[in-house]
Amino acid sequence: MLRVFTVTIVVLIAIVALTGLGIVAVRLVRQARQRKRALLAAGPRRALLAFVADNGADGGHDLVALPDEAWQAAEAGALGLLGKLRGEAHAALVSVFLRRGTARAALRDLRSRSRVRRARAAQVLGDLEVRLAVPELCRLLTDRHGEVRVVAVRALGRIGDPTAAWRLIASLDQSDPLPSLLVTHTLAQLGPETEVTLSAALDHPEARVRAVCLDALGLLGAAGSVHRVARVLREDSTLDVRIAAAANLGRLGARTAIEPLTGAVGPGRPAPLRAAAARALGDLGTSAGVPALVALLGDDEYRVAHEAAHALRRLGRPGLDALRSVLDTEAAEMIAAGRGTHARPSSAAGHALEALSLASVGPDPGASPPGSGTLDELVAG
Amino acid sequence: MIIREILKVTDWAIFAYFVALNSGYLVLICMAGLEFGKHLRRAPFAGADDMFRSPLTLPVSVIVPAYNEGAGIVAALQAMTALRYPRYEIVVVDDGSTDDTFERLREQFDLVEVPRVVPGEVPYRTQVLSVHVARGNPETLTVVRKTNGGKSDALNVGINLARHPLVCMVDADSVLDPDALLSVAKPFGDDPLRVAACGGVVRIANGCKVIGGRVVDVRMPRQWLVRVQVVEYLRAFLMGRTGWSRLGGLVVISGAFGIFRRDLVVKIGGMAHDTIGEDAELVVRLHHYLRERREDYRVIFVAEPVSWSEAPSSLRVLGRQRRRWHRGIAEILRKHRRMIGNPRYGRIGLVALPYYVVFELLAPFIELAALVLLPLGLWIDAVNLEFAWRFALVAYGYGLLVSLVSLFIEEVSFHRYPRWSDLVRGVLAAVLENFGYRQILAAWQVTGAAGAWGGRQAIWGTMHRQGFDTAESLPLETAGRR
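Note that the structure is predicted; figures quoted are calculated from it, not measured. (Residues numbered from 1 in each chain as written. Chains lettered and ligands numbered in written order. Predicted model: local features only at pLDDT ≥ 70, side-chain atom pairs only at ≥ 80, totals over all residues.)

### Brief notes about the overall build of chain B
- Across its full length, chain B carries 14 helices and 13 strands.
- A globule of 482 residues ought to have a C-alpha radius of gyration of about 23 Å, and chain B, at 23 Å, matches this closely.
- The C-alpha extent of chain B, read off along each of the three principal axes, is 80 × 50 × 45 Å.
- The 482 residues of chain B split such that 55% are buried.
- Residue pairs in contact within chain B that sit at least 24 positions apart in sequence constitute 80% of those at least 6 positions apart. (Helix = DSSP H or I, 4+ residues; strand = E, 2+ residues; numbered from the N terminus. Rg over C-alpha atoms; globule rule 2.2 N^0.38 Å. Buried ≥ 20, exposed ≤ 12 C-beta atoms within 10 Å, placed from the backbone. Contact = placed C-beta atoms within 7 Å.)

Right under this line is the structure:
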């Protein structure tokens with residue numbers, strides 16, 4: 001038995017020593033590689049910066065003629081620059097990438113067996129906004145690896161080809177679906193031409209698809225879809241979808257949204273929907289929503305009353321006047337009842353007080369400064 | 001004769017236990033290594049910038065409980081207000097500080113009192129005295145003053161006042177990397193339907209240079225006691241938790257830096273008042289709740305970037321911290337004992353919690369038992385000297401190997417310590433850990449667990465801070481904790 005121990009000790013010592021040496025070796029190799037890469041990248045980086053500073057007027061040929069090793073050392077930085085550039089400089093840098101064959105290689109890599117290579121290729125094609133790659137990127141929306149699918153969605157968003165909208169929507173309805181927020185953002189990036197597709201998808205049987213399309217319509221500011229979104233708010237069977245409809249009616253900012261939103265805050269509706277609709281009434285930015293919001297200030301549900309008060313605050317002067325009027329009325333009632341204005345405010349007055357106070361300390365104060373928070377001081381203010 | 005035989009068998013059992021314990025660590029560390037490799041290969045196309053630019057990125061409420069943090073609170077908040085994240089608010093809960101925590105905040109951020117309606121969505125036991133917001137930017141910074149009620153109570157008040165769908169709990173003395181919030185919230189954007197909570201790694205800030213609320217130069221601490229903790233944090237927190245995350249069995253998210261879905265935290269009743277390990281307890285309760293409802297969910301851990309925190313540099317404070325931590329483990333395992341070994345709770349019930357019982361809760365007891373029984377065996381001749389020294393060498397040698405593998409993986413993946421001297425100090429700390437540190441740690445942990453089982457009152461004690469090496473106003477004096 002002692003022999004087993006002895007052998008184990010020898011083996012352990014050997015592995016410990018090897019691990020220690022491994023740590024040193026890893027550091028040495030990394031440092032050497034970093035030095036070499038920095039050396040190789042220094043020249044191309046200077047040329048790259050001069051090229052984009054000059055809006056791509058001069059130096060493109062030199063960049064295309066760079067040896068592969070030097071270009072590879074600077075490529076990550078160049079790709080990073082792409083996201084920060086606009087206009088001529090962006091187009092010129094893209095042309096350098098295309099002339100160097102980066103897009104061709106990336107298109108090839110989209111069919112690589114390695115998921116990392118497929119994802120990297122999709123990222124590059126998105127950065128270069130290669131429209132030719134859209135069908136292949138759409139194919140990657142059903143890739144067996146989630147991370148490849150995610151990168152393909154982002155790439156499609158950067159390219160902004162509206163023909164990809166249906167494929168993106170369809171990708172939401174699969175067993176391992178894509179992140180909703182990502183698809184929503186991408187659908188919005190595809191531009192206003194997708195409005196018809198998104199509007200049609202509001203009848204999709206899958207609730208998640210309907211919610212994503214509502215959010216995308218909201219981001220696009222698709223005012224032409226207000227009636228369809230309002231119908232979803234009234235009739236959809238899924239609460240989360242109705243909440244999304246309410247929120248996006250607020251984003252769309254059309255006056256025609258007042259009636260469905262006012263209906264949604266009514267009693268008997270679920271509290272999260274009423275809170276979302278109250279918030280949306282504030283987002284609309286029109287004083288027509290004030291009476292409905294004032295009625296919610298005393299609601300038993302904290303979130304509903306809270307959202308109503310802050311929606312009134314965001315509405316500016318008409319909302320703030322309404323909040324003050326609530327406090328005035330309560331103060332008058334208290335005086336009439338002989339309780340004095342220092343009495344504990346009601347729930348409605350409490351929420352009104354909170355919203356008014358926040359309005360007074362914001363960057364653009366729309367209300368008088370708060371006192372120590374007593375009802376009489378605020379009413380007087 | 002019988003005693004000798006019993007001792008002999010016990011010594012062998014202890015030896016087998018050490019081998020199993022270190023093998024468990026090694027497996028977790030290897031899993032972490034695989035995860036880091038995956039993370040690094042994917043970093044170029046992970047989409048952090050897209051998340052930063054997206055209007056749909058979920059907003060976060062950062063909750064900062066503070067008790068007598070006057071020395072460093074302003075700098076910590078300045079750093080937090082400069083985080084790279086599209087939309088977030090900071091809710092500082094001053095838990096009845098007796099120092100100038102609030103005054104410093106009021107002066108620096110031009111706070112004004114506002115009457116806020118504080119909902120009771122999660123229970124809190126104390127009284128909210130006042131709510132303040134920053135003039136000119138009321139949406140971003142809220143400071144709540146309340147009577148003292150402990151960290152859980154302060155966090156619950158913060159959760160009640162949080163307006164955003166994600167709540168991130170951060171210690172007031174933590175220094176966050178600029179991208180920390182973006183990284184720790186990213187899993188919620190990638191997998192919004194399933195991710196319930198995400199923990200971020202906490203590293204030791206002692207010895208590092210902090211400028212403008214950012215760690216700009218990472219160095220090994222000056223004291224060996226803290227250097228040993230650096231190795232321990234790497235092995236147990238960075239590697240261990242990443243490994244558990246990969247296995248789908250993460251049950252600990254540090255209270256110093258963790259992010260949760262607010263609606264779920266509200267549904268399970270917020271932070272528990274009856275345990276000192278409230279951060280881990282919240283995660284176990286979350287697992288309990290979601291597993292009972294057969295929800296498809298994930299609790300994950302991200303290894304980079306990080307939150308930097310000051311580690312105890314004296315034995316007295318370290319002892320108090322470790323007693324508290326182990327007491328927390330004992331309380332949580334007792335509270336959720338029905339989950340242990342219960343197939344209804346999947347990997348949490350069948351793997352993670354049993355592991356915590358056998359290799360976390362009991363480990364210090366076995367370690368101390370070995371320290372007593374091995375010499376006893378030698379004394380009564382149940383084991384011979386040849387066996388004893390080989391036993392000790394293999395047991396501790398295996399432990400050393402585990403620590404070195406952690407350092408190796410750190411060097412391959414994040415290599416946060418750029419100096420050669422720090423590398424050597426790290427390796428030496430891994431060796432020194434076995435001579436005294438582990439043994440005294442075991443003693444503290446045993447008293448911590450005994451405190452939980454004996455029902456003694458839990459006390460946070462005072463954390464005397466040394467402060468970071470800084471050119472600016474980070475904590476240089478002492479600050480306290482409950």
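Read on for the rest.
### A short note on the overall build of chain A
- In terms of regular secondary structure, chain A is built from 21 helices and zero strands.
- For chain A, the C-alpha radius of gyration of 30 Å lies well beyond 21 Å, the compact-globule estimate for 381 residues.
- Considered along the principal axes of its C-alpha atoms, chain A spans approximately 90 × 65 × 50 Å.
- Residue burial in chain A is summarised as follows: out of 381 residues, 43% are buried.

### Topic: the interface of chain A and chain B
- Across the contact, 46 residues belong to chain A and 43 residues belong to chain B.
- Counting only elements with at least two residues in the side of chain A that touches chain B, the list comes to α1 (2-53), α3 (68-84), α6 (115-127), α8 (146-159), α10 (180-189), α12 (207-220), α18 (302-314) and α20 (347-361) of chain A.
- Here the element with the most residues in the side of chain A that touches chain B is α1 of chain A; it accounts for 15 residues.

### Quick notes on the environment of P55 of chain B
- Along the chain, P55 of chain B falls in the loop between α2 (48-53) and β1 (60-66).
- For the pair P55 of chain B and R87 of chain B, spaced 32 residues apart in the sequence, the C-alpha separation amounts to 9.0 Å.

### So, unusual backbone geometry
Residues and elements named next belong to chain B.
- Unlike most non-glycine residues, N68 shows phi in positive territory, near 50°.
- Structurally, N68 is set in the loop between β1 and α3 (73-81).
- A count of 23 C-beta atoms within 10 Å places N68 in the buried class.

### Some remarks on the sheet that holds strand β5 (residues 141-146) of chain B
Residue and element names in this part refer to chain B.
- Read from one edge to the other, the open sheet built from ten strands follows the order β3-β4-β5-β2-β1-β6-β11-β8-β12-β7, with strand pairing classed as mixed. The open sheet has two edge strands with one neighbour each: β3 (111-114) and β7 (175-176).
- Judged from the four bridges that link them, β3 and strand β4 (residues 128-134) form a sheet pairing that is antiparallel. Bridged to L111 within β4 is A134.
- Packed on one face of the sheet, helix α7 (residues 224-247) meets β8 (195-204) and β12 (298-309) and runs near 160° to β8. (Pairing = 2+ DSSP bridges. Axes fitted to C-alpha atoms, helices over the stretch in contact; angles between N-to-C directions.)

### With respect to the pairing of strand β11 (residues 257-261) of chain B
Residue and element names in this part refer to chain B.
- Most of β11 is tucked away: five of the five residues are buried.
- Both faces of β11 are covered, namely the face carrying F257, I259 and R261 and the face carrying G258 and F260.
- As defined by bridge partners, strand β6 (residues 166-170) adjoins β11 across five bridges and the pair is classed as antiparallel. In the sheet register, C168 faces β11, and the bridge partner there is I259.
- Of the strand pairs in this sheet, β8 and β11 are connected by three bridges, and their pairing is antiparallel. Each residue of the ladder has a partner; that of A197, found in β11, is F260.

### Here we look at the environment of H132 of chain B
Residues and elements named next belong to chain B.
- Within the secondary structure layout, H132 lies in strand β4.
- Overall, H132 belongs to the buried group, with 24 C-beta atoms counted inside 10 Å.
- As a C-alpha pair, H132 and R324 span 192 residues in sequence and 33 Å in three-dimensional space.
- Sequence-distant contacts of H132, that is, excluding residues within four places in its chain, are made with L111, V112, E113, V114 and V143.

### Quick notes on helix α9 (residues 278-292) of chain B
All names here are of chain B.
- Here α9 spans 21 Å end to end across 15 residues, near enough to the 21 Å set by a 1.5 Å rise per residue.
- Counting buried positions along α9 yields eleven of 15 residues, so the element is predominantly enclosed.
- Of all the residues in α9, the buried ones are E278, D279, A280, E281, L282, V283, V284, R285, L286, H287 and L290.
- Count one or two residues on from α9 and you reach R294, which has phi positive near 55°. (Expected span 1.5 Å × (residues − 1).)

### Considerations on α18 of chain A
Residues and elements named next belong to chain A.
- Relative to the 18 Å expected for 13 residues at 1.5 Å per residue, α18 spans 18 Å between its end C-alpha atoms, a close match to the ideal helical length.
- A large share of α18 lies buried, amounting to ten of its 13 residues.
- Of the positions making up α18, those classed as buried are V304, A305, H306, E307, A308, A309, H310, A311, L312 and R313.
- Those residues of α18 that are buried are in contact with α16 (271-284), α17 (290-296), α19 (317-336) and α20.

### Section: the nonpolar core
- With 255 residues, the main nonpolar core has A122, L125 and A352 of chain A together with I63 and C168 of chain B as its most contacted residues.
- With 13 residues, the single largest contributor to this core is helix α13 (residues 385-413) of chain B. (Core = buried A, V, L, I, M, F, W, Y, C linked by C-beta atoms within 7 Å.)

### Side note on the environment of Y289 of chain B
All names here are of chain B.
- Turning to its location among the elements, Y289 is positioned in helix α9.
- On the basis of neighbour count, Y289 is assigned to the partly exposed category, with 16 C-beta atoms found within 10 Å.
- Taking the C-alpha atoms as reference, Y289 lies 22 Å from F257; in sequence the two are 32 residues apart.
- Those residues within four positions of Y289 in sequence are excluded, and the remaining contacts are K267 and I268.

### So, the packing of helix α10 (residues 315-335) of chain B against helix α14 (residues 420-454) of chain B
All names here are of chain B.
- Here α10 crosses α14 at 45°, and the two axes come no closer than 7 Å. For the element pair α10 / α14, the angle class is oblique. Considering only the axes of α10 and α14, their crossing is right-handed. Mapping the contact onto sequence places G319, R322, R323, R324, W325, H326, R327, A330, E331 and R334 in α10 and L441, W444, Q445, T447, G448, A449, G451, A452 and W453 in α14.
- The residue makeup of the contact of α10 with α14, split by class, is seven nonpolar, six polar and six charged. (Parallel < 35°, antiparallel > 145°, perpendicular 65-115°, else oblique. Left-handed = near helix turned anticlockwise from the far one by under 90°. Nonpolar A, V, L, I, M, F, W, Y, C, P; charged D, E, K, R; others polar.)

### Some words on the confidence of the model for chain A
- When pLDDT is averaged along chain A, the result is 87; 93% of the residues meet or exceed 70.
- Note that residues 365-381 of chain A has pLDDT below 50 and, in this model, 42 contacts with residues that lie over four places away or in other chains. (pLDDT = per-residue confidence, 0-100.)

### Observations regarding the packing of α10 of chain A against α12 of chain A
Residues and elements named next belong to chain A.
- Following both chains from N to C, one finds α10 and α12 inclined at 40°, their axes separated by 8 Å at the closest point. With respect to α12, the element α10 is oriented oblique. Considering the relative orientation of α10 and α12, their crossing is right-handed. Residue-level contacts link S180, V183, T184, L187 and A188 of α10 to R208, A211, V212, D215, A216, L219 and L220 of α12.
- By residue class, the composition of the contact of α10 with α12 is eight nonpolar, two polar and two charged.

### Some remarks on the pairing of β5 of chain B
All names here are of chain B.
- Counting buried positions along β5 yields six of six residues, so the element is predominantly enclosed.
- Residues L141, V143 and R145 point to one face of β5 and T142, V144 and K146 to the other, with burial holding for every one of them.
- Here strand β2 (residues 88-95) pairs with β5 via six bridges, running parallel. Among the inter-strand pairings, I90 is bridged to a residue of β5, identified as L141.
- Strand direction decides the pairing type here: β4 and β5, joined by five bridges, are antiparallel. Paired with V133 across the strands is T142, a residue of β5.
- Where β4 folds back on β5, the antiparallel hairpin that results is connected by six residues, among which G136 adopts a positive phi of roughly 90°.

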